[in-house]
Amino acid sequence: MMNPGARFEGVTIALSKGRIFEDTAHLLKAAGITPLADPEHSRQLILPTDRPDVRLVIVRASDVPTYVQYGAADIGVAGKDVLMEHGGGGLYQPLDLQIAKCRLMVAVPQGFDYAGAIRRGARLRVATKYETTARNHFAEKGVHVDLIKLYGSMELAPLTGLADVIVDLVSSGNTLKANRLEAVEEIAAISARLIVNVAAWKLNRSRIAPIVEAFSRGVGLP
Ligand code: ATP
Ligand code: MG
């Protein structure tokens, strides 16, 4: 049984702080939802909104699918990178929100002969936060890899000899360049998606569908 404090009759939306929250603000507005606190400045993890039937929960970006999968949140906003790594079980993904756009890429030290290493059948050491996605990518290419799981600053791995290559998000490429790395292969184009708990979508559609529709009307608007 769920603990009584967890009972909330309305719709719970899971978001992460920073980029996702900032880029989602106009979509919330389009849906007539105004948070009553700013997550960047508040320590509150449950944010009420001006609608008593809607609340926000602020979680780590990579935890958003988990909250929605188990129904602790009905709706969430998560990057495709995070969704690929999670697997997407229990999640309905009705909308590409076209925000937080970047690319998931393989990057190497400038001058590293990536194509040659693959051709020779070299065993690559790959450092990444995206273990499952990277494993699948290299398995499809038939490239043997040793995966090294990291939680951040992937760029450092090749510079210190921890790994030969990294799999990481790239937007401008400036961070790679500053660390004398270069992107050599795209794994996926990334943007944030609206996700909905599959059971909530079926059982609580009258409450959830209007929010999804309002978000969809806001996609692409400034
Ligand atoms: P945490 O800080 O909790 O470790 P995180 O670093 O993944 O998580 P963010 O940097 O806010 O958190 O990234 C959240 C999402 O935004 C990512 O999953 C990705 O989809 C997208 N994203 C990350 N970096 C960029 C970027 N440079 N440009 C555009 N979108 C990005
Ligand atoms: Mg980040």
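Before reading on, note that the structure itself is shown above.
Quick look at the structure, then. (Residues numbered from 1 in each chain as written. Chains lettered and ligands numbered in written order. Predicted model: local features only at pLDDT ≥ 70, side-chain atom pairs only at ≥ 80, totals over all residues. Heavy atoms only, no water.)

Some words on the sheet that holds strand 10 (residues 181-190)
Read across the open sheet, the 5 strands follow the order 8-7-9-6-10; overall the sheet is mixed. Strands with a single pairing partner mark the edges of an open sheet, and in this sheet they are strand 8 (145-149) and strand 10. Sheet twist, expressed as the mean angle between neighbouring strand axes with direction ignored, is 30°. Bridging between strand 7 (residues 124-128) and strand 8 involves 5 bridges; their strand directions are parallel. When the sheet's bridge partners are listed, arginine 125 is paired in strand 8 with aspartate 146. (Pairing = 2+ DSSP bridges. Helix = DSSP H or I, 4+ residues; strand = E, 2+ residues; numbered from the N terminus. Axes fitted to C-alpha atoms, helices over the stretch in contact; angles between N-to-C directions.)

Description of the nonpolar core
Counting residues in each nonpolar core, the largest one holds 31 residues, and the members touching the most others are Ile13, Leu15 and Phe215. Residue assignment for this core shows that the elements contributing at least two residues are strand 1 (11-15), helix 1 (19-30), strand 3 (54-58), strand 4 (75-79), strand 11 (192-197), helix 8 (198-203) and helix 9 (205-218). Apart from residues no more than four positions distant in its own chain, isoleucine 13 is found in contact with Leu28, Ile33, Val54, Arg55, Leu56, Val57, Ile75 and Ile211. Of all hydrophobic cores here, the second largest spans 18 residues; its members include Val167, Ile187, Ala188 and Ile190. (Core = buried A, V, L, I, M, F, W, Y, C linked by side-chain atoms within 4.5 Å. Buried < 20%, exposed > 50% of the residue type's maximum accessible area, 1.4 Å probe, protein only. Contact = heavy atoms within 4.5 Å.)

Comments concerning the packing of aromatic side chains
Taken as a whole, this structure holds 1 aromatic pair when the rule is applied. Look at tyrosine 92 and tryptophan 201: their rings are 5.0 Å apart centre to centre, the planes differ by 40°, and that puts the pair in the tilted class. Of this pair, tyrosine 92 sits in strand 5 (residues 91-96) while tryptophan 201 is found in helix 8, placing the two residues 109 residues apart along the sequence. The exposure class assigned to tyrosine 92 is partly exposed, which follows from its relative accessible area of 33%. (Phe/Tyr/Trp six-rings, centres within 6.5 Å; stacked < 30°, edge-to-face > 60°.)

Thoughts on the sheet that holds strand 1
Pairing in this open sheet of 6 strands is mixed, and the strands run 2-3-1-4-11-5 from one edge to the other. At either margin of the open sheet sits one strand with a lone partner, and together these are strand 2 (46-48) and strand 5. Shown here is a sheet whose adjacent strand axes are inclined to one another by a mean of 30°, direction ignored. Strand direction decides the pairing type here: strand 2 and strand 3, joined by 3 bridges, are antiparallel. Residue pairing across strands places proline 48 opposite arginine 55, the latter belonging to strand 3. Each of strand 1, strand 3, strand 4 and strand 11 is contacted by helix 1, which is oriented at about 145° to strand 1, the strand it contacts most.

Description of unusual backbone geometry
With a phi close to 50°, alanine 100 is a non-glycine residue in the positive phi region. When you line up the elements, alanine 100 lands in the loop between strand 5 and strand 6 (102-109). Note on alanine 100: relative accessible area 15%, which makes it buried. Phi at arginine 180 is positive, roughly 55°, even though this residue is not glycine. Considering the arrangement of structural elements, one finds arginine 180 in the loop between helix 7 (174-178) and strand 10.

Notes on the site of ligand 1
Taken together, 15 residues lie near ligand 1, and Arg60, Asp81, Lys101, Lys129 and Ser171 sit nearest. Between ligand 1 and aspartate 81, the relevant distance is 2.7 Å, taken from an oxygen atom to a side-chain nitrogen or oxygen of the residue. Of all elements in the fold, only helix 1 and helix 3 (80-86) reach the threshold of two or more residues within the shell around ligand 1. Across the shell around ligand 1, the residue classes tally to 7 nonpolar, 2 polar and 6 charged. Of the domains in this structure, domain 1 (11-100 + 191-218) and domain 2 (102-189) are the two that each give at least three residues to the shell around ligand 1. (Near = heavy atom within 4 Å. Polar contact = N/O pair within 3.5 Å; in protein donor to acceptor, adjacent residues only side chain to side chain. Nonpolar A, V, L, I, M, F, W, Y, C, P; charged D, E, K, R; others polar. Domains from an automatic or database assignment.)

Regarding helix 5 (residues 131-141)
Of the residues making up helix 5, those classed as buried are Thr133, Ala134, His137 and Phe138. Viewed along the axis of helix 5, the buried residues span an arc of 120°, placing them on a single side of the element. Exposed and oriented more than 90 degrees from the buried face of helix 5 are Ala139 and Glu140. A positive backbone phi angle near 75° is found at glycine 142, which sits one or two residues after helix 5. (Arc of directions from axis to C-beta.)

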